[in-house]
Amino acid sequence: KYYTGSYWASWVVQFLVVLVDAIFARAYMASFPMLGAVGAVLNILAPLACTLAIRFQQPTWVDAVCIPLCFFCHLVWNCFGCWQLFCISQSYTSDVEEDEGTTKEQNF
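Residues numbered from 1 in each chain as written. Predicted model: local features only at pLDDT ≥ 70, side-chain atom pairs only at ≥ 80, totals over all residues. Heavy atoms only, no water.

1. Re the environment of Asn-43
Structurally, Asn-43 is set in helix α2 (residues 33-55). Given the relative accessible area of 12%, Asn-43 is considered buried. Distance from Asn-43 to Ala-22, taken between C-alpha atoms, is 5.6 Å for residues 21 residues apart in sequence. Setting aside its immediate chain neighbours within four residues, Asn-43 contacts Val-18, Asp-21, Ala-22, Ala-25 and Trp-77. (Helix = DSSP H or I, 4+ residues; strand = E, 2+ residues; numbered from the N terminus. Buried < 20%, exposed > 50% of the residue type's maximum accessible area, 1.4 Å probe, protein only. Contact = heavy atoms within 4.5 Å.)

Next comes the structure, spelled out in structure tokens:
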């Protein structure tokens, strides 16, 4: 057993953390509604798969399915996050270049 405490408390805490993560996923991806929904699903599915793998030792296929699923969800979510950071940095770079162009035109 991985956990010897109260099952009720562990489920409530896990649920609240996952709920906050899913809400943040929707907020972070607000400019891309479909990606926000996918991100929220990934943030719910990964901990759910992890919890199932921890709670159920039998049958063994649960571990074989849930553990790779959890890692896959985290990988895809991290790729979404990196892509979002890339888009933000590109937007900032283009804004800075436009501001520099405006400043140069005003100086002439």
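2. Concerning a negative patch on the surface
On the surface, a cluster of negative charge is contributed by Asp-95, Glu-97, Glu-98 and Asp-99. Positionally, Asp-99 belongs in helix α3 (residues 61-107). A residue is classified by how much of its surface remains accessible, and Asp-99, at 51% relative accessible area, is exposed. (Patch = residues over 30% accessible without salt bridge, like charges linked within 9 Å, V, L, I, M, F, W, Y side chains within 5 Å. Areas by Shrake-Rupley, 256 points an atom, 1.4 Å probe, with all protein chains shown as cover. Salt bridge = Lys/Arg side-chain N within 4 Å of Asp/Glu carboxyl O. Lys, Arg positive; Asp, Glu negative; His and termini not counted. Charge placed at Lys NZ, Arg CZ, Asp CG, Glu CD.)

3. Some thoughts on the state of the cysteines
Considering all chains together, one arrives at zero disulfides under this definition. No disulfide involves Cys-50; its sulfur sits 4.7 Å from that of Cys-70, the nearest cysteine. (Disulfide = S-S within 2.5 Å.)

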